[in-house]
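Geometric and topological summary
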Amino acid sequence: QVQLVESGGGLVQAGGSLRLSCAASGRTFSSYAMGWFRQAPGKEREFVAAISRSGGATYYTDSVKGRFTISRDNAKRTVYLQMNSLKLEDTAVYYCAARGYPSYSTSSRDYAYWGQGTQVTVSS
């Protein structure tokens, strides 16, 4: 059983940066791969990034490679998404998710636990 709470969203100008945090409950946090997804109005939920249980492997969708960095601190039971060089098209609600297994997935259907989301708005 895992509960996730995102924070760090807000309004930022294009080219700026934000760091999202996801605080997790549960002793088994270190056993789960974690992911970030986003959903813009009128669009489907989109995979953004994922990280293995130990943090030794990361995965990104092509549109954010080189700009976003996912990381985790298992001692603090927290996963982060550092977002740099933000673009207008990055505007969305960002969700943290726990896979429930050590291996990552790009499909939202493979994640068992979800946070409530945090709004990121990028302005010109």
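Here is a short report on the structure shown in this document.

Thresholds, definitions, all that
- Residues numbered from 1 in each chain as written.
- Predicted model: local features only at pLDDT ≥ 70, side-chain atom pairs only at ≥ 80, totals over all residues.
- Heavy atoms only, no water.
- Helix = DSSP H or I, 4+ residues; strand = E, 2+ residues; numbered from the N terminus.
- Rg over C-alpha atoms; globule rule 2.2 N^0.38 Å.
- Contact = heavy atoms within 4.5 Å.
- Areas by Shrake-Rupley, 256 points an atom, 1.4 Å probe, with all protein chains shown as cover.
- Lys, Arg positive; Asp, Glu negative; His and termini not counted.
- Charge placed at Lys NZ, Arg CZ, Asp CG, Glu CD.
- Core = buried A, V, L, I, M, F, W, Y, C linked by side-chain atoms within 4.5 Å.
- Buried < 20%, exposed > 50% of the residue type's maximum accessible area, 1.4 Å probe, protein only.
- Pairing = 2+ DSSP bridges.
- Axes fitted to C-alpha atoms, helices over the stretch in contact; angles between N-to-C directions.
- Salt bridge = Lys/Arg side-chain N within 4 Å of Asp/Glu carboxyl O.

Time to look at the overall build of the protein chain. The helix and strand inventory of the protein chain stands at zero helices and eleven strands. The helix and strand sequence of the protein chain, counted from the amino end, reads β-β-β-β-β-β-β-β-β-β-β. Against the compact-globule benchmark of 14 Å for 124 residues, the protein chain has a radius of gyration of 13 Å, which places it among compact chains. Taking the contacts inside the protein chain whose residues are at least 6 apart along the sequence as the reference set, 58% of them involve residues at least 24 apart. A total of about 6500 Å² of accessible surface is found on the protein chain, and carbon and sulfur atoms cover 44% of it. The average position of the 14 basic charges and that of the 8 acidic charges among the side chains of the protein chain differ by 8 Å.

The next thing to look at is the nonpolar core. If you look at the biggest cluster of nonpolar residues, it comprises 28 residues, and the most contacted ones within it are M34, W36, L81, M83 and Y94. Listing elements by their share of this core, those giving two or more residues are β3 (18-24), β4 (34-39), β5 (46-51), β7 (68-73), β8 (78-83), β9 (92-98) and β11 (118-123).

Below, the discussion takes up the sheet that holds β7. Ordered in space as β1-β3-β8-β7, the four strands form an open sheet in which the pairing is antiparallel. Taken across any chain shown, the strands that pair with only one partner, and hence form the sheet edges, are β1 (4-7) and β7. Within this sheet the neighbouring strands show an average axis-to-axis angle of 15°, counted without direction. As paired elements, β7 and β8 share six bridges and run antiparallel to each other. Pairing of T69 across the sheet is with Q82, part of β8.

Pairs may arise between side chains of opposite charge once their charged atoms sit close together. If you walk through the whole model with that rule in mind, you get four salt bridges. Two residues, R38 and E46, come together in a salt bridge whose shortest N-O distance is 2.9 Å. On the basis of relative accessible area, E46 is assigned to the partly exposed category, the value being 30%. Where R67 meets D90, a salt bridge forms, and the shortest distance between an N and an O atom there is 2.8 Å. Here the residue R67 occupies a position in the loop between β6 (58-60) and β7, and D90 occupies one in the loop between β8 and β9, the gap between them amounting to 23 residues. One exposure class covers both R67 and D90, and it is buried. Salt bridges linked by common partners bring R38, E46, R67 and D90 together as one network.

Any functional reading would require information beyond the geometric quantities listed.
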